Amino acid sequence: MKFHSISMRPQFLVLVFTVTILHRVSLDSVSAVCELSVKDRNKVYYYNLASPERKFPHGILSEDGFYKVAANGTVLWFQLCSSMIFNHDPPSCVDCKDCGGQSHCGMGCSALVSNKEGGYPVCTTLGQPSSTSIDVLDKKNPQKGIFVNMTNSGPKHNCSLSVSVICNSKGVQGPQTLQNVGFCDYITELKHPLGCAKTTSSNGNGLGWFGTLMIIILCLIGGYLLAGAVYRYYFLHVRGIDVIPNLEFWASLPHTVQSLFHSLVRRFRGPSEGYRSSYSPVNF
């Protein structure tokens, strides 16, 4: 038994490593599907529905594994930016081959709808995680929110679900309405703080070339002073303030700059009253 456990250990480590990589790839793919950046005038609006927040550790994804809304005998299940997971209350459908099959109905797709046909609930897959796309609700007002669109290509019809995510910083309001806008095309909406964009200025807040140049010059001057001070202290054994290299130059630098400034002012403005001659003409 001891030898068997030791021989299995590398295989176990490989399994753990593989599962970790797959989990990481899955998280990255969910995050990529749920991200959107829109530039409008001088602002950039950024959305990330899968971004964990303090109050929403799973982002906009439902902690139940799915959202559910019903209207006029039609029942719709969906999950945003990921596949649905049913730990309770799974769909009971006659046909569920595109979304987990009869034994795992609802698992594997991102949207599923059930309608009564001949007295039996028949399910139709509306969306897959791989076919999810997002965009802003209003191009003129990106702060209003975004919509998530999911599609599924069936053998007879192409179906879809569009979910409007309205910006609501006060809290979450789940889907309450459901509209059928085509043979198997549906729209619904919910309100969520993650529907609100994070805005930044597109003008940039960098230093620019002049600021970068000034930083380089200051760094060079600082490096020169430091290297010179170390050399004079340890090799020339200079102590006190005289350890600063070219001390006389640095001490006279403010006066030199001031004189240069006044010289330029006089050149462009001409001599001031104080510099004009005060003699009076004399008639002989």
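Only a predicted model underlies this, so the values are computations on that prediction, with no experimental measurement involved.

Visitor: Describe the sheet that holds strand S12 (residues 198-201), naming the residues involved and giving the relevant values.
Guide: The strand order across the open sheet built from three strands is S1-S2-S12, with neighbouring strands paired in antiparallel fashion. The two strands at the open ends of the sheet, each matched to only one other strand, are strand S1 (35-40) and S12. Sheet twist, expressed as the mean angle between neighbouring strand axes with direction ignored, is 20°. When S1 meets strand S2 (residues 43-48), the two strands line up antiparallel, connected through six bridges. Its bridge partner being in S2, Ser37 is matched across the sheet by Tyr46.

Visitor: Account for the sheet that holds strand S11 (residues 185-192), naming residues and giving values.
Guide: Read across the sheet, five strands follow the order S7-S8-S9-S11-S10 without closing on themselves; strand pairing throughout is mixed. Every interior strand has two partners, whereas the edge strands, strand S7 (133-136) and strand S10 (179-180), have only one. Relative to S11, strand S9 (residues 158-167) is paired through eight bridges, and the arrangement is parallel. Bridging from a neighbouring strand, Ser164 pairs with Glu189 of S11.

Visitor: Lay out the pattern of salt bridges in plain terms, naming residues and giving numbers.
Guide: On inspection of all chains with the given rule, the structure shows three salt bridges. The residue Glu53 makes a salt bridge to Lys198 at a minimum N-O spacing of 3.8 Å. Linking Glu53 in the loop between S2 and strand S3 (67-71) with Lys198 in strand S12, this pair joins segments that are 145 residues apart in sequence. On the basis of relative accessibility, which here comes to 30%, the residue Glu53 falls in the partly exposed class. Here Asp89 and Lys68 are joined by a salt bridge, their closest N and O atoms 3.1 Å apart. Within this pair, whereas Asp89 is found in the loop between strand S4 (74-78) and strand S5 (111-117), its partner Lys68 is found in strand S3, the two being separated by 21 residues in sequence.

Visitor: Let's hear about the nonpolar core: which residues, and what values?
Guide: Of all hydrophobic cores here, the largest spans 33 residues; its most connected members are Ile60, Phe78, Leu80, Leu126 and Leu161. At four residues, the largest contribution of residues to this core is made by S9. Beyond its immediate sequence surroundings of up to four residues, Leu161 is in contact with Leu76, Phe78, Ala111, Leu126, Val148, Asn149, Met150, Tyr186, Ile187 and Thr188. Counting residues in each nonpolar core, the second largest holds 12 residues, with Phe66, Phe86, Cys105 and Cys123 among its members.

Visitor: Got a sec to walk through a nonpolar patch on the surface? Specific residues and values, please.
Guide: Side chains of Trp209, Phe210, Leu213, Met214, Ile217, Leu218 and Ile221 sit close together on the surface and give an oily, nonpolar patch of about 710 Å² of accessible area. Examined against the element boundaries, Trp209 turns out to sit in helix H2 (residues 208-234). Using a relative accessible area of 67% as the deciding quantity, one classes Trp209 as exposed.

Visitor: Now, about the packing of aromatic side chains: what can you tell me, with residues and values included?
Guide: Enumeration according to the criterion identifies five aromatic pairs in this entry. Ring centres of Phe66 and Phe86 lie 4.5 Å apart, and the angle between their planes is 25°; this geometry places the pair in the stacked category. With a gap of 20 residues between them, Phe66 in the loop between S2 and S3 and Phe86 in the loop between S4 and S5 connect regions that are remote in the sequence. Comparing Phe66 with Phe86 shows no difference in burial state: the two are buried. Taking 5.0 Å as the distance between ring centres and 70° as the angle between the ring planes, the aromatic pair formed by Phe249 and Trp250 counts as edge-to-face. Since its relative accessible area comes to 46%, Phe249 is described here as partly exposed. On the accessibility criterion, Trp250 (25% relative accessible area) is partly exposed. Taking NZ or CZ as reference, Arg239 lies 3.8 Å from the ring centre of Tyr233, over its face.

Visitor: I'd like to hear about the state of the cysteines, residue by residue, with values.
Guide: As enumerated under the stated definition, the model contains six disulfides in all. Here Cys159 connects covalently by a disulfide to Cys184, the sulfurs 2.0 Å from one another. Torsion about the S-S bond of the Cys159 and Cys184 cystine: about -90°, corresponding to left-handed handedness. A residue pair is termed long-range when its members are at least 10 positions apart, and Cys159 in strand S9 and Cys184 in the loop between S10 and S11 qualify at 25 residues. Neither residue differs from the other here; Cys159 and Cys184 are each classed as buried. Note on cysteine connectivity: Cys167 is disulfide-linked to Cys196, with sulfurs 1.9 Å apart. Handedness here is read from the sign of the S-S torsion; for Cys167 and Cys196, about 95°, the answer is right-handed. One end of the pair, Cys167, is in strand S9; the other, Cys196, is in the loop between S11 and S12, and 29 residues separate them in sequence. The exposure class assigned to Cys167 is partly exposed, which follows from its relative accessible area of 27%.

Parameters and conventions
- Residues numbered from 1 in each chain as written.
- Predicted model: local features only at pLDDT ≥ 70, side-chain atom pairs only at ≥ 80, totals over all residues.
- Heavy atoms only, no water.
- Pairing = 2+ DSSP bridges.
- Helix = DSSP H or I, 4+ residues; strand = E, 2+ residues; numbered from the N terminus.
- Axes fitted to C-alpha atoms, helices over the stretch in contact; angles between N-to-C directions.
- Salt bridge = Lys/Arg side-chain N within 4 Å of Asp/Glu carboxyl O.
- Buried < 20%, exposed > 50% of the residue type's maximum accessible area, 1.4 Å probe, protein only.
- Core = buried A, V, L, I, M, F, W, Y, C linked by side-chain atoms within 4.5 Å.
- Contact = heavy atoms within 4.5 Å.
- Patch = residues over 30% accessible without salt bridge, like charges linked within 9 Å, V, L, I, M, F, W, Y side chains within 5 Å.
- Areas by Shrake-Rupley, 256 points an atom, 1.4 Å probe, with all protein chains shown as cover.
- Phe/Tyr/Trp six-rings, centres within 6.5 Å; stacked < 30°, edge-to-face > 60°.
- Lys NZ or Arg CZ within 6 Å of the ring centre and 35° of its normal.
- Disulfide = S-S within 2.5 Å.

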